[in-house]
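# Overview (structure and organization)
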Amino acid sequence: MKTGDRWIVFFAATLFVASQLNIVLMLAPLEPSIFALQLAFSAASFWSIVDTWGAAGLALYRAHFVFDNLHPFIYGAFGYLLVARSSLFAGLSPAIYRAALLMLPLAGVFDLCENAAHIHLLAQAPGSGALLIALSASCALLKWALALLFALVVLGQLARRARAGKTVRR
């Protein structure tokens, strides 16, 4: 990897970690967790969680969108740059390489759809939006599946390198 590429990937990784940490720390007080809300497929579950959070939790959740609407661009760029600019993904078949290249940017699209749905839902009367809630939860599920798949591909590439007796170049 060229020095310029190394710095670009390092910067993207640092920005991703900082953004993720900010959101995690911001939403840590919410109970049930944010994952419960994201993966609530029914209106009853969704609105029950919102009700449990109360006014303070709901205000905290609404405030996080300032950061969470930027976060998908950050992690999408990180994933794209890691694949495109590092040597970690060299040797993959073209189809797998392209899939890896697009996994986190596509996860980001699903994340933005989920965010837009939640912002819209929270402006509605409690108990409404059953179809939109199911759609939002589907987007969240796809987002997390793509993020997990990307992590598994990265771990697989690291394991492949380790088995081959190579070290990841810095």
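Our subject is the structure listed above.
Let us look at the structure shown here.

Parameters and conventions
- Residues numbered from 1 in each chain as written.
- Predicted model: local features only at pLDDT ≥ 70, side-chain atom pairs only at ≥ 80, totals over all residues.
- Heavy atoms only, no water.
- Axes fitted to C-alpha atoms, helices over the stretch in contact; angles between N-to-C directions.
- Helix = DSSP H or I, 4+ residues; strand = E, 2+ residues; numbered from the N terminus.
- Parallel < 35°, antiparallel > 145°, perpendicular 65-115°, else oblique.
- Left-handed = near helix turned anticlockwise from the far one by under 90°.
- Contact = heavy atoms within 4.5 Å.
- Nonpolar A, V, L, I, M, F, W, Y, C, P; charged D, E, K, R; others polar.
- Salt bridge = Lys/Arg side-chain N within 4 Å of Asp/Glu carboxyl O.
- Buried < 20%, exposed > 50% of the residue type's maximum accessible area, 1.4 Å probe, protein only.
- Phe/Tyr/Trp six-rings, centres within 6.5 Å; stacked < 30°, edge-to-face > 60°.

### So, the packing of helix 4 (residues 71-85) against helix 6 (residues 130-163)
Between two packed helices, the angle of one axis relative to the other and the distance separating the axes together describe the packing. In contact at an axis separation of 12 Å, helix 4 and helix 6 are set at 30 degrees when each is read in the N-to-C sense. Relative to helix 6, the element helix 4 lies roughly parallel. Like other packed secondary-structure pairs, helix 4 and helix 6 cross with a definite hand, here left-handed. Contact residues: helix 4 offers Tyr75, Gly79, Leu82 and Val83, while helix 6 offers Lys143, Phe150 and Val154. Tallied by class, residues from the contact of helix 4 with helix 6 come to five nonpolar, one polar and one charged.

### Focus on the pattern of salt bridges
For the structure shown, the criterion picks out three salt bridges. Residue Arg85 is joined to Asp5 by a salt bridge in which the shortest nitrogen-to-oxygen separation is 2.9 Å. Here Asp5 lies in helix 1 (residues 3-27) and Arg85 lies in helix 4, a separation of 80 residues in the sequence. Judged by relative accessible area, Arg85 falls into the partly exposed class, the value being 33%. The buried category is assigned to Asp5, whose relative accessible area is 15%. For Lys143, the salt bridge goes to Glu114, with nearest N and O atoms at 2.9 Å. Here Lys143 is found in helix 6, whereas its partner Glu114 is found in helix 5 (residues 94-122), with 29 residues between them in sequence.

### What about the side chain of Ser19?
Relative to the helices and strands, Ser19 resides in helix 1. Looking at Ser19, the relative accessible area reads 12%, which means it is buried. Those residues in contact with Ser19 that sit more than four places away from it in its chain are His71 and Ile74.

### Regarding the packing of aromatic side chains
Under the definition given, this model contains seven aromatic pairs. When the centroid spacing of 5.8 Å and the interplanar angle of 90 degrees are considered together, the rings of Trp7 and Phe10 count as edge-to-face. In this pair, Trp7 and Phe10 are both assigned in helix 1, three residues apart and thus about one turn of the helix distant. A relative accessible area of 55% means that Trp7 is categorised as exposed. Judged by centre distance (4.9 Å) and plane angle (70 degrees), the ring pair of Tyr61 and Phe65 falls under edge-to-face.

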